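What the coordinates show
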Amino acid sequence: MRRLLAVLITGLLPLALHPGLLMSQDTEARPRARDLGLEVGVFPVGPHNAITDVEGVRVGQVTIREGQDVRTGVTAILQHPGNVFLEKVPGAVVRGNGFGKLVGVTQIRELGEMETPILLTCTLCVWKAADAMVEWMLEREGMERVGSINPVVGETNDGGLSDIRSRPIRPEHVRRALESAREGPVEEGSVGAGTGTRAFGWKGGIGTSSRVLPTALGGYTVGVLVQSNFGGILTMGGAPVGKELDRYAFQRYVEGGGPREEGPGPEEEPWGTGIPDARGGSIMMVVATDAPLTSRNLERLGRRALLGLARTGSSGSNGSGDYVLAFSTSPQVRRTSSRGPRSIQDLPNDRMSGLFQATIEATEEAIYNSLLKATTVTGRDGRRAEALPVPETVEILRRYGVIR
């Protein structure tokens, strides 16, 4: 809080702060991108600038901080207020780089639909989270005769800050995330599945953003939520923030240090350097829209999230699991148990370009929000992931003309 007040006094932050600024359960309130004057793209944001601006979408999160060594959590995204198994939504999966453990991917690709909420958690917890969600869904009304469920669970590896081998996710954590899911503002930063993550050598986490298309382009909403835990060379609005802050991937090679004969290998960075691991990390990106899209065009939409990711400075390195899950909430494209033919609305291909642009913009801004809202976290073995320094970042953005 003291840092934020100091920044406000010196005029580095605008006085009209976003209502979500003080939502964090951490003691140090931090800004979102737009609080700094960093407005990405051309389309307006929704009322909460969050994935929940897509009507019916809800988010629930459980943050797990146990002792000195567990810093992890669960983030749940529910596609609509009903039972997703009984009213399935069209969905798609896009793989930017496949170094990851995404549960449920083959059936989504085969059938083009999602039949459970989406869970995000830590790498070695995906199967425990999937099992807990299946148990929770089997207990729902109307599920008495169900004998097969395809749970959708994504992950990133938070093993640097959390004792990932203890696999600390328990059924009650998953249930609480699912049952606490709400519309409205979404908490960001070091919360939920982003509690122990890092990005670009700084503390990463949960971030979200939305875009609303003009009426002439359909008036549809696109919302994105990310779990950022990856490396690269941080770029914000075109400004080389990572290089200016002297923290970027491959830094010791560029600056002449090179690999050592003993110790970390040619793509490894020791924890204490603060330099982003050149091997990468991972990011999960969830794209929601109320536009009536089938799985084919949802896959096309998901590919554009990768363009938003690239704008932030990620290269999709070898060890990075970069995935996009995209779905439509439109009632006109939901799948029910009816066995007969059905009529659906399907947005034509030549109406997709606005949605593509909206997805790129919302993804880029969601990643910035995941960094800016994240607070410094100390975890396993006393390791510390520092929050992106706001005053220094603001100064860089001003110097490069990104903000005024």
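As shown above, the structure is provided for reference.
Attention here is on the structure that accompanies the text. Bear in mind the structure is a predicted one, so any value in this text is a computation, not a measurement.

Cut-off values and rules
- Residues numbered from 1 in each chain as written.
- Predicted model: local features only at pLDDT ≥ 70, side-chain atom pairs only at ≥ 80, totals over all residues.
- Heavy atoms only, no water.
- Disulfide = S-S within 2.5 Å.
- Buried < 20%, exposed > 50% of the residue type's maximum accessible area, 1.4 Å probe, protein only.
- Helix = DSSP H or I, 4+ residues; strand = E, 2+ residues; numbered from the N terminus.
- Contact = heavy atoms within 4.5 Å.
- Pairing = 2+ DSSP bridges.
- Axes fitted to C-alpha atoms, helices over the stretch in contact; angles between N-to-C directions.
- Phe/Tyr/Trp six-rings, centres within 6.5 Å; stacked < 30°, edge-to-face > 60°.
- Lys NZ or Arg CZ within 6 Å of the ring centre and 35° of its normal.

1. Considerations on the state of the cysteines
Summed over all chains, the structure comprises 1 disulfide. Bridging C122 to C125, the disulfide has an S-S length of 2.5 Å. The chirality of the disulfide connecting C122 with C125 is right-handed, given an S-S dihedral of about 45°. Among the residues examined, C125 registers a relative accessible area of 0% and is labelled buried.

2. Some thoughts on the environment of M114
By secondary structure assignment, the location of M114 is in strand β4 (residues 113–114). Sequence-wise, M114 and Q79 are 35 residues apart; in three dimensions their C-alpha atoms are separated by 9.2 Å. Among all residues touching M114, those that are not within four sequence positions of it are Q79, V84, K88, V89, G91, A92, I108, L325, A326 and F327.

3. Concerning the sheet that holds strand β12 (residues 321–328)
One key point about sheets: their strands pair by backbone hydrogen bonds, in either a parallel or an antiparallel sense. Taken in spatial order, the 6 strands of this open sheet run β4-β3-β12-β11-β10-β9, and their pairing is mixed. Both edges of this open sheet fall to β4 and β9 (206–212), since each of them pairs with a single strand only. In the sheet, strand β11 (residues 282–289) pairs with β12 via 8 bridges, with the strands oriented parallel. Each residue of the ladder has a partner; that of T289, found in β12, is S328. Relative to the sheet, helix α7 (residues 295–311) contacts β3 (89–98), β11 and β12, its axis offset from that of β3 by approximately 40°. Strand contacts of helix α8 (residues 353–372): β9, β10 (221–229) and β11, with the helix running at about 150° to β9, the strand carrying the most contacts.

4. Comments concerning the sheet that holds strand β1 (residues 58–66)
Strand order across the open sheet formed by 4 strands is β1-β2-β5-β6, with mixed pairing between neighbours. Only two strands of the sheet have a single neighbouring strand rather than two, namely β1 and β6 (152–156). Each strand of the sheet is rotated relative to its neighbour by a mean of 15°, with strand direction disregarded. With 5 bridges joining them, strand β5 (residues 118–122) and β6 adopt parallel strand pairing. Following the sheet pairing, C122 is matched in β6 by T156. Against the sheet, helix α3 (residues 126–138) contacts β5 and β6, and its axis sits at roughly 155° relative to β6. In the packing of helix α4 (residues 171–179) onto the sheet, contacts are made with β1, β2 (70–78) and β5, and the angle to β1 comes to roughly 145°.

5. Notes on the packing of aromatic side chains
Enumeration according to the criterion identifies 1 aromatic pair in this entry. Note on F200 and F230: the rings are 4.8 Å apart at their centroids and 70° apart in plane angle, and the pair reads as edge-to-face. Here F230 lies in the loop between β10 and α5 (241–244) and F200 lies in the loop between β7 (198–199) and β8 (202–203), a separation of 30 residues in the sequence. Each of the two residues, F200 as well as F230, counts as buried. Just above the ring of F85 sits the side chain of K88; from NZ or CZ to the centre is 4.1 Å. Cation over ring: R247 sits above W202, and NZ or CZ is 3.8 Å from the ring centre.

By themselves, these are just geometric observations and shouldn't be taken as functional.
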